[in-house]
Amino acid sequence: MRDRKSRRAAGRLRRSFVRDKGVESNASITEDNWEALLDEHGHSRRRRMLVSEVIAELPPAQDDDDANAAIVMAVMSARCRVFGGGEERDCIVPPHIAMRRKSALAVGDRVRVVEDRVESVLPRRSVLARPDPQHKHLQRLIAANIDVVLNVVSVKAPPLRPRLIDRVLIAIQRGGAQAVIGVNKVDLLDDRSELNALDRYRDLGVTVIPCSTKTGEGLDELRASVEGKIAALVGHSGVGKSSILNALDERLQLATKSLHRRGTGRHTTTRSTLYDFGGGTYLIDTPGIREFGLWDLDRDSLRDYFPEFSEPSEYCRFTDCTHVHEPDCEVKRRVESGALDRARYETYVRLYEDLEEKR
Ligand code: GDP
Ligand code: ZN
């Protein structure tokens, strides 16, 4: 049964899209509560709390822990590279941390290091997660403690993939970061009206930044969206994530005069890697994604991630209308009239059907 509370949740969800600071920094998901939170989110018949709400209600991390913490830049098997106390170094990851099944160490994690050995992982305030491609019941963390996820897309070469964007936006919402869409390669467009396909995300309150690493368009705006924050770049391979990192690099260094630079020479990104751009800006390059599964999501909570359905659903005949097969559904009516975006609705229906198959 839908109730006023769940409608309010959808309202909050929309507001959290437009938040400009990402997750409040005094909030934490801990190693211990993360799975419980997702279980609650996934299986309860009660109104599930969105992860972002849960994060906001958790107690703050201890300040003294934070001050001595190092940040994880890359994770290798049994080792990781961290940055802390003004220097980068390699550390041993002891088995009890490396072997955790669902949420092993991730880039962006803050860790306490004692004699080149990771002692403990501090509570996370946000995550970006997807199911492990080989083991769908396991969660793979792409990054931790990010303020912003910059979803890099292109309209041409490669073509726009709205369904992938919709899925990434859901994952961002669940993990508690702020979503920004960078539409790269706008120099390839014959007509700027091709960007209208992104209006549906603007309408949701997501910041959309058209840009080009070739012409420099939008780079200042991109830089402003990540400056002083921890941001992960995600997107289909070939959209220009590496080019954006390189384009942002130079000027950020000049602006901040940081001693710590990104390493020279790029390797193919098969794992996430964090780069310190100085001035408190950390950018995380992530492996290119072709598909993006949603970890442990159920049908009932799916509609919470489509905030634009919230108001029309008050006029559906059934209070718990799924907007898929019921008669007299206002959501479907508005899709037909063009008031709601059809592509978003189709993503919803596909996900809905997908989720049933897996149960
Ligand atoms: P990644 O796989 O997302 O890291 O993408 P890359 O940064 O490697 O870029 C893929 C290709 O797109 C390269 O050939 C780049 O030169 C090209 N590219 C990147 N940015 C732009 C852009 O703004 N305009 C155009 N026309 N090409 C771009
Ligand atoms: Zn309906």
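The structure presented is a predicted model; accordingly, all values stated were derived computationally and were not measured. (Residues numbered from 1 in each chain as written. Chains lettered and ligands numbered in written order. Predicted model: local features only at pLDDT ≥ 70, side-chain atom pairs only at ≥ 80, totals over all residues.)

**Points about the overall build of the protein chain**
Helix and strand counts for the protein chain stand at 13 helices and 13 strands. For the protein chain, the proportion of its 359 residues judged to be buried stands at 42%. Across the protein chain, contacts joining residues at least 24 apart in sequence account for 69% of those joining residues at least 6 apart. (Helix = DSSP H or I, 4+ residues; strand = E, 2+ residues; numbered from the N terminus. Buried ≥ 20, exposed ≤ 12 C-beta atoms within 10 Å, placed from the backbone. Contact = placed C-beta atoms within 7 Å.)

**Thoughts on the sheet that holds strand β9 (residues 178-184)**
The strand order across the open sheet formed by six strands is β10-β9-β8-β11-β13-β12, and the pairing between neighbours is mixed. Strand pairing shows two members of the sheet lacking a second neighbour, β10 (207-210) and β12 (273-278), which therefore form its edges. Here the average twist between neighbouring strands, direction ignored, is 25 degrees. Across five bridges, β12 lies against strand β13 (residues 281-285) in antiparallel orientation. Residue pairing for β13: Thr 273 is matched across the bridge by Asp 285. Together, β8 (148-154), β9 and β11 (230-234) form the strand contacts of helix α6 (residues 162-175), whose direction differs from that of β8 by roughly 175 degrees. (Pairing = 2+ DSSP bridges. Axes fitted to C-alpha atoms, helices over the stretch in contact; angles between N-to-C directions.)

**So, the site of ligand 1**
For ligand 1, the set of nearby residues contains 16 residues, the closest of which are Ser 212, Gly 240, Lys 241, Ser 242 and Ser 243. Ranked by residues supplied to the shell around ligand 1, first place goes to helix α9 (residues 241-256) with three residues. (Near = placed C-beta within 6 Å.)

**What about the environment of Glu 291?**
With respect to the element layout, Glu 291 can be found in the loop between β13 and α10 (299-302). For Glu 291 and Leu 164, which are 127 residues apart along the polypeptide, the C-alpha to C-alpha distance reads 6.6 Å.

**Structural notes on the environment of Phe 292**
Within the fold, Phe 292 resides in the loop between β13 and α10. Not counting the four nearest positions on each side in its chain, Phe 292 is found in contact with Arg 130, Leu 164, Arg 167, Val 168 and Ala 171.

**Side note on α6**
With 14 residues, α6 should cover 20 Å at 1.5 Å per step; its first-to-last C-alpha distance of 20 Å lies within 8% of that length. Looking only at α6, the buried set comprises Ile 165, Asp 166, Arg 167, Val 168, Leu 169, Ile 170, Ala 171, Ile 172, Gln 173, Arg 174 and Gly 175. (Expected span 1.5 Å × (residues − 1).)

**Some words on unusual backbone geometry**
In this structure, the amide linkage connecting Ala 157 to the following residue, Pro 158, adopts the cis form with an omega of -5 degrees. With respect to the secondary-structure elements, Pro 158 resides in the loop between β8 and α6. At Ala 157, a residue that is not glycine, the phi angle is positive and equals roughly 50 degrees. The class of Ala 157 is exposed, set by 10 C-beta atoms lying within 10 Å. The backbone phi angle of Lys 185 is positive, close to 65 degrees, even though this residue is not glycine. Assessed through the 23 C-beta atoms surrounding it within 10 Å, Lys 185 is described here as buried.

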